[in-house]
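Read off the chains here:
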Amino acid sequence: MGTEEGWCLLLCLALSGAAATAGQWRAVDVVLDCFLVEEGRHHGGFVSKENMVKALLVLRQVPVLDDGSLEGFTDFQLDTRTRDNPPVTFEASVNLVQVPHAEALLHADCSGQEVTCEISRYYLQAKEATIETAARFITNVQVSGGGPSISMVMKTLGDADNGAVLDPTLRVPGGLQGNVQTEVEFQVTTRTPSLSFLLGSSASLHCSFSMAPGLDLTSVVWRLQYKGSGQLVASWTSGQEHVRREGITLEPEQQLMAGNASLTLSSLTLKDEGTYICQITTSLYQAQQIIQLHVQASPKVRLSLANEARPPTLICIIAGYYPLDVTVTWTREELGGAPVPVSDASFSSLRQSPAGTYSISSSLTAEPGSAGATYTCQVTHVALDEPHRASIWASPPGQRTTAFGVLFACSLFLLALLYLGLQRWQATSPEVRQDTEALWEATLLPQSKKKK
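Since we're looking at a predicted model, the values are computed, not measured.

Undergrad: So what's going on with the overall build of the chain? Which residues, and what values?
TA: The secondary structure content of the chain amounts to five helices and 26 strands. The burial tally for the chain puts 40% of its 452 residues in the buried class. Partitioning the contacts of the chain with sequence separation of at least 6, the portion at a separation of at least 24 is 64%.

What follows is the structure in structure tokens.
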């Protein structure tokens, strides 16, 4: 069993073991399988699997809240005797910065999530570079399934500070066991790389950072990329704040200095959808996080009888939805039966409102049969938690005529009872007979036959 596999098995067994005292912070090693991007082997400026070699990242002694699953958990020990070509191992100290969401990294394997980790060289700007032998690397870590995303800048320690020669292939300082001793000096994190909000609601885009003592925050910039075009959304530079539109709020300067660079957008429109880039710049480093914002609008569904001809036509109107993809299905259900799919519905042309939402209608010729049937229009859309259903009863062909006949007969019966009642009343009250006859003529007789 390889080093990574054995370590993962040990981790899963520890997480599923007996509980220790919960609610206490504990420093643990977080081990990630990564890829190291080799220099000088890029083809056309793009990174491919051919440009990468396997590597390990060991975040040493990261504070994690013990939920009772860390009993028996031991620090990572690298054993190079089990393999001929062990991967380059980056051991990173986190004493200078906070590494948030370490629990998500620690529990990812046992939670069925995947962690993507990529390490590459990081170069300072020319004006910031000094004559030193330390190398710097940037590590990008992403947890699948909507997990956090973290970018960390690491500076080499130990032999690198003493003038060690970098490996000619990987350009990293080599230790006795192929280890690279580093220290994390800067990190930028988002806990929500992908978000979905309804049209008209408010959205908070999380972006936080932590930097080593001695570094200063110089700028915070939010940009929006959508369909090939980019624009500045909000920025802060040395105490000056700029926002693109009303309703956008950047955290106040006090929060920015504390490492919170989140952005709030109120009254979302479809123009707010896109890829947001949170870029944090310090006196030495720069890193960013990318957040996908999806704006959605729930469809409104209305089912009605388009006409009363035989056979009748049903129309299902689906209005005000976004994004474009929507599924409309029909079912027919007779009394005492089960719903049966109906596939011969037709659709109107797609319409788009000035706000950008879509509308469409679906028509169906009903076949109620001899006993009638219930027709249901079901709409499925990403903005709906569950499909929306609208139903209508299609009566059999003869039901309307029969119902009208019953109603007419009941009306005649009530008129007859009224007439008999008036006759008996007149017989017992002769003094009101004349007024009663006048009222009766005014109610029942045609205008041409009323008494003059």
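Undergrad: I'd love a proper account of the packing of aromatic side chains, names of residues and values included.
TA: All chains considered together, the criterion is met by five aromatic pairs. On the basis of an interplanar angle of 15° and a centroid distance of 6.4 Å, the ring pair of Phe 186 and Tyr 285 is categorised as stacked. Of this pair, Phe 186 sits in strand 7 (residues 179-190) while Tyr 285 sits in the loop between strand 16 (274-282) and strand 17 (286-296), placing them 99 residues apart in sequence. Consider the rings of Tyr 322 and Tyr 358, whose centres lie 6.0 Å apart with planes at 5°: the pair is stacked. With Tyr 322 in the loop between strand 19 (313-321) and strand 20 (327-333) and Tyr 358 in strand 24 (residues 358-365), this pair connects stretches of sequence that are 36 residues apart. Accessibility expressed as a relative area gives 10% for Tyr 322, which makes it buried. Using a relative accessible area of 15% as the deciding quantity, one classes Tyr 358 as buried. What links up through ring pairs into an aromatic cluster is the set Tyr 122, Phe 186 and Tyr 285. When the ring centre of Phe 137 is taken as reference, the NZ or CZ atom of Arg 121 above it lies at 5.4 Å.

Undergrad: So, the pattern of salt bridges: which residues are in play, and what are the values?
TA: Applying the stated criterion to the full structure yields four salt bridges. Note that Arg 60 is salt-bridged to Glu 91, the shortest N-O span being 2.9 Å. Of this pair, Arg 60 sits in strand 2 (residues 52-66) while Glu 91 sits in strand 3 (residues 88-93), placing them 31 residues apart in sequence. In this structure, Arg 332 engages Glu 334 in a salt bridge whose closest nitrogen and oxygen atoms are separated by 2.9 Å. Given the relative accessible area of 19%, Arg 332 is considered buried. It is possible to trace a salt-bridge network through shared partners that takes in Asp 29, Arg 60 and Glu 91.

Undergrad: Outline the sheet that holds strand 15 (residues 263-265), supporting the account with residue identities and numerical values.
TA: What the three strands build is an open sheet, ordered 9-15-14; its pairing is antiparallel. Each edge of the open sheet carries a strand with a single partner, namely strand 9 (203-205) and strand 14 (248-250). Taken pair by pair, the neighbouring strands of this sheet meet at an average axis angle of 15°, ignoring direction. For strand 9 and strand 15, the ladder comprises three bridges, and the chain directions are antiparallel.

Undergrad: Residue-level account of the pairing of strand 2, with values.
TA: Look at any regular strand and the pattern is simple: side chains alternate between the two faces of the sheet. Across 13 bridges, the pairing between strand 1 (residues 24-37) and strand 2 is antiparallel. Each bridged residue has a counterpart across the sheet, and for Cys 34 the counterpart in strand 2 is Ala 55.

Undergrad: Give me the lowdown on the environment of Leu 195, citing residues and values where you can.
TA: Mapped onto the elements of the fold, Leu 195 is located in strand 8 (residues 194-198). For the pair formed by Leu 195 and Leu 205, sequence separation is 10 residues and the distance between their alpha carbons is 8.2 Å. Leaving out residues up to four positions away in the same chain, Leu 195 has contacts with Ser 204, Leu 205, Ile 291, Gln 292, Leu 293 and His 294.

Undergrad: Summarise the sheet that holds strand 12 (residues 229-237); cite the residues concerned and give the values.
TA: By definition, the strands of a sheet pair up through backbone hydrogen bonds, in either a parallel or an antiparallel sense. Read across the open sheet, the six strands follow the order 8-17-16-11-12-13; overall the sheet is mixed. Two strands lie at the open edges of the sheet, namely strand 8 and strand 13 (240-243), each paired on one side alone. When strand polarity is set aside, the average angle formed by the axes of neighbouring strands in this sheet is 25°. As judged from the eight bridges shared by strand 11 (residues 217-226) and strand 16, these two strands associate in the antiparallel manner. For Leu 217, the partnering residue across the bridge sits in strand 16 and is Thr 282.

Undergrad: Describe the confidence of the model for the chain, listing the residues and the values that go with them.
TA: Residue-level pLDDT values for the chain average 80, and 73% of them are 70 or greater. No element of the chain has a lower mean pLDDT than helix 1 (residues 3-15), at 44, and none a higher one than strand 17, at 97. pLDDT under 50 marks residues 160-166. Its contacts with residues more than four places away, or in other chains, come to 13 contacts.

Undergrad: Quick rundown of the environment of Leu 124? Include the residues and the values.
TA: As for its position among the elements, Leu 124 is in the loop between strand 4 (115-121) and strand 5 (136-143). Looking at Leu 124, the relative accessible area reads 19%, which means it is buried. Taking the C-alpha atoms as reference points, Leu 124 and Ala 135, separated by 11 residues in sequence, lie 9.9 Å from one another.

Undergrad: Let's hear about the nonpolar core: which residues, and what values?
TA: Membership of the largest hydrophobic core comes to 35 residues, with the highest contact counts inside it found for Leu 205, Val 220, Trp 222, Leu 263, Tyr 276 and Ile 280. The set of elements that each furnish at least two residues to this core consists of strand 7, strand 9, strand 11, strand 12, strand 14, strand 15, strand 16 and strand 17. Residue contributions to this core peak at four residues, all from strand 11. In contact with Ile 280, other than residues within four places in its own chain, are Phe 186, Val 188, Cys 207, Phe 209, Leu 217, Ser 219, Val 220, Ala 261, Tyr 285, Gln 286 and Ala 287. Among the nonpolar cores identified, the runner-up in size contains 32 residues, and Leu 57, Leu 59, Leu 105 and Val 143 belong to it.

Undergrad: Summarise the side chain of Thr 156; cite the residues concerned and give the values.
TA: Structurally, the position occupied by Thr 156 is in strand 6 (residues 149-156). Thr 156 gets classed as buried once you look at its relative accessible area, which sits at 0%. A distance of 2.8 Å separates the side chain of Thr 156 from the backbone nitrogen of Ala 135, its partner in a polar contact.

Cut-offs applied
Residues numbered from 1 in each chain as written. Predicted model: local features only at pLDDT ≥ 70, side-chain atom pairs only at ≥ 80, totals over all residues. Heavy atoms only, no water. Helix = DSSP H or I, 4+ residues; strand = E, 2+ residues; numbered from the N terminus. Buried < 20%, exposed > 50% of the residue type's maximum accessible area, 1.4 Å probe, protein only. Contact = heavy atoms within 4.5 Å. Phe/Tyr/Trp six-rings, centres within 6.5 Å; stacked < 30°, edge-to-face > 60°. Lys NZ or Arg CZ within 6 Å of the ring centre and 35° of its normal. Salt bridge = Lys/Arg side-chain N within 4 Å of Asp/Glu carboxyl O. Pairing = 2+ DSSP bridges. Axes fitted to C-alpha atoms, helices over the stretch in contact; angles between N-to-C directions. pLDDT = per-residue confidence, 0-100. Core = buried A, V, L, I, M, F, W, Y, C linked by side-chain atoms within 4.5 Å. Polar contact = N/O pair within 3.5 Å; in protein donor to acceptor, adjacent residues only side chain to side chain.

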